[in-house]
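The lines below spell out each chain.
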Amino acid sequence: MALPDCGFAVQKSPYNAPEHTRNGGPTLQIAYHIGASCTDGERLLKSLLKNADAFSQQGIKVPGPGKYRRLLRETIQNLGDNDPAPDTRDILIDAILDEDTATRLVMSHADFICVPRRIFDNGNFFELIEMKITRLRKLFPGDEIELHLALRDPATFVPAVFQKVKGATLAEFLNGMDPRDILWSDVVRRIQAVAPEMPLTVWCNEDTPLLWAQLIREISGVDPLTKITGGFDLLSAIMSAEGMKRFVSYLKTHPPQTEVQKRRIIAAFLDKYALEDEIEEEIDLPGWTAELMDELTQIYEDDVFEIARMSGVNFIAP
């Protein structure tokens with residue numbers, strides 16, 4: 001599903017942050033892609049890592065996930081409601097960054113908020129979001145933290161995350177949550193309530209084939225004219241080899257002048273060459289009827305329409 005361009009995308013200006021130096025140096029830009037689960041998160045991280053060397057020349061560091069995922073998870077868990085020790089921030093940065101200087105640190109973890117089995121803890125949608133964001137904020141006091149979040153239609157999101165949960169029924173997984181009450185706008189409001197100073201970029205997973213290159217640029221904060229690698233990684237996974245060949249050839253002979261033109265070209269080629277097995281999902285859940293899915297999708301579209309108009313949200317649409 002490609003949602004219409006609501007026309008309210010907010011362009012955020014990059015911070016003019018000085019270089020980070022160890023042991024209490026100037027502030028650092030920290031861009032964290034926090035999910036959500038089952039929204040092409042790992043593929044996005046791989047595309048960012050493909051550009052790590054080029055981005056590094058601009059002071060933008062994209063470390064491998066082994067540098068920070070477990071480290072941050074355990075540090076946040078051990079922190080509890082306490083304040084971290086004064087040197088915690090510098091110890092973390094030293095462990096994550098191999099080099100002495102950087103202006104921006106880019107990290108990605110689609111399960112940062114919580115693992116799939118805890119998404120509906122106590123019948124609440126992402127109950128842990130306030131705690132995770134608050135503690136992340138405590139760990140990097142004074143740094144400029146940006147959050148990046150992909151949304152997904154609950155009609156397919158719930159079945160996808162439920163597939164990753166073992167030993168539970170769907171009812172046990174939902175913990176009493178009515179799927180009709182799943183609202184991403186509520187998650188966005190709760191993030192803003194605990195961290196109003198953090199810029200928040202949001203997009204729909206259903207639109208990612210059209211947005212992939214822009215997402216890489218948004219999360220990395222790279223200069224708009226910087227050439228990136230992997231801008232069509234997702235497209236090549238859902239389009240036939242013949243379609244990709246024709247697509248690349250077309251771009252060479254008819255280079256798009258704007259992002260909008262490029263997205264229209266992508267949409268046209270997907271319409272003709274998309275791999276149905278990759279873009280259509282077979283969903284078989286008890287009670288998950290076509291009527292319920294249609295209802296959830298309508299609720300989701302209305303919810304996204306609202307998010308696109310929320311103050312402080314950089315909503316990316318095709």
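A short tour of the structure in this document, coming up. Model, not experiment: these values are computed from the prediction.

1. With respect to the overall build of the chain
Of the regular secondary structure elements, the chain holds 14 helices and six strands. Compactness check: the chain gives a C-alpha radius of gyration of 20 Å against a globular reference of 20 Å for 318 residues, within 12% of the reference. Looking at the chain as a whole, 52% of its 318 residues are labelled buried. Sequence separation of 24 or more characterises 81% of the internal contacts of the chain that already satisfy a separation of 6 or more. Here the chain has roughly 15300 Å² of accessible surface; of this, 49% comes from carbon and sulfur atoms.

2. Quick look at the packing of helix α3 (residues 69-79) against helix α5 (residues 129-139)
At a closest axis distance of 10 Å, the pairing of α3 and α5 adopts a crossing angle of 100°. One element, α3, and the other, α5, form an angle in the roughly perpendicular class. Side by side, α3 and α5 meet where L72, T75, I76, Q77 and L79 of the first sit next to M131, K132, R135, L136, K138 and L139 of the second. Looking at the contact of α3 with α5 residue by residue, the classes come out as six nonpolar, two polar and three charged.

3. A look at the sheet that holds strand β3 (residues 104-108)
Taken together, the six strands give an open sheet; going across it, the order is β2-β3-β1-β4-β5-β6, and neighbouring strands pair in parallel fashion. Only two strands of the sheet have a single neighbouring strand rather than two, namely β2 (60-61) and β6 (313-316). As judged from the six bridges shared by strand β1 (residues 29-35) and strand β4 (residues 144-151), these two strands associate in the parallel manner. Pairing of I30 across the sheet is with I145, part of β4. Contacts from α5 reach β1 and β4 within the one sheet, and its direction differs from that of β4 by about 155°. Contacts from helix α9 (residues 208-220) reach β1, β2, β3, β4, β5 (200-204) and β6 within the one sheet, and its direction differs from that of β5 by about 165°.

4. Some words on the pairing of β5
The side chains of a regular strand alternate, first on one face of the sheet and then on the other. Among the five residues that make up β5, five are buried, leaving the element largely enclosed by the rest of the structure. Going residue by residue along β5, you find L200, V202 and C204 tucked away on one face and T201 and W203 tucked away on the opposite face as well. As defined by bridge partners, β4 adjoins β5 across five bridges and the pair is classed as parallel. Each residue of the ladder has a partner; that of L151, found in β5, is C204.

5. Observations concerning unusual backbone geometry
Omega for the peptide link from G35 to A36 comes to 5°, which places this bond in the cis form. Along the polypeptide, A36 turns up in the loop between β1 and α1 (41-50). In this structure, C38 takes a positive phi of about 60° despite not being glycine. Here C38 shows up in the loop between β1 and α1. Although it is not a glycine, N122 adopts a positive phi angle of roughly 55°. Locating N122 in the fold gives a position in the loop between β3 and α5. Taking the relative accessible area as the measure of exposure, N122 reaches 61% and is therefore exposed.

6. Section: the nonpolar core
Membership of the largest hydrophobic core comes to 70 residues, with the highest contact counts inside it found for F125, F126 and L147. Core analysis: the second largest hydrophobic core is formed by 20 residues, F55, A150, I216 and I228 among them.

7. Brief notes about the environment of N82
Looking at where N82 falls in the secondary structure, it is placed in the loop between α3 and α4 (88-96). Note on N82: relative accessible area 53%, which makes it exposed. Once the C-alpha coordinates of N82 and K138 are considered, the two residues, 56 residues apart in sequence, prove to be 9.3 Å apart.

8. A look at the packing of helix α6 (residues 154-162) against helix α14 (residues 290-307)
It is the contact of α6 with α14, at a shortest axis distance of 8 Å, that shows an interaxial angle of 115°. By the angle between their directions, the pair α6 and α14 is classed as roughly perpendicular. Here P154, A155 and T156 of α6 come into contact with α14, specifically with M293, L296, T297 and Y300. Residues of the contact of α6 with α14, tallied by class, amount to five nonpolar, two polar and no charged.

Conventions adopted
- Residues numbered from 1 in each chain as written.
- Predicted model: local features only at pLDDT ≥ 70, side-chain atom pairs only at ≥ 80, totals over all residues.
- Heavy atoms only, no water.
- Helix = DSSP H or I, 4+ residues; strand = E, 2+ residues; numbered from the N terminus.
- Rg over C-alpha atoms; globule rule 2.2 N^0.38 Å.
- Buried < 20%, exposed > 50% of the residue type's maximum accessible area, 1.4 Å probe, protein only.
- Contact = heavy atoms within 4.5 Å.
- Areas by Shrake-Rupley, 256 points an atom, 1.4 Å probe, with all protein chains shown as cover.
- Axes fitted to C-alpha atoms, helices over the stretch in contact; angles between N-to-C directions.
- Parallel < 35°, antiparallel > 145°, perpendicular 65-115°, else oblique.
- Nonpolar A, V, L, I, M, F, W, Y, C, P; charged D, E, K, R; others polar.
- Pairing = 2+ DSSP bridges.
- Core = buried A, V, L, I, M, F, W, Y, C linked by side-chain atoms within 4.5 Å.

Geometric descriptors of this kind do not, in isolation, establish any biological role.
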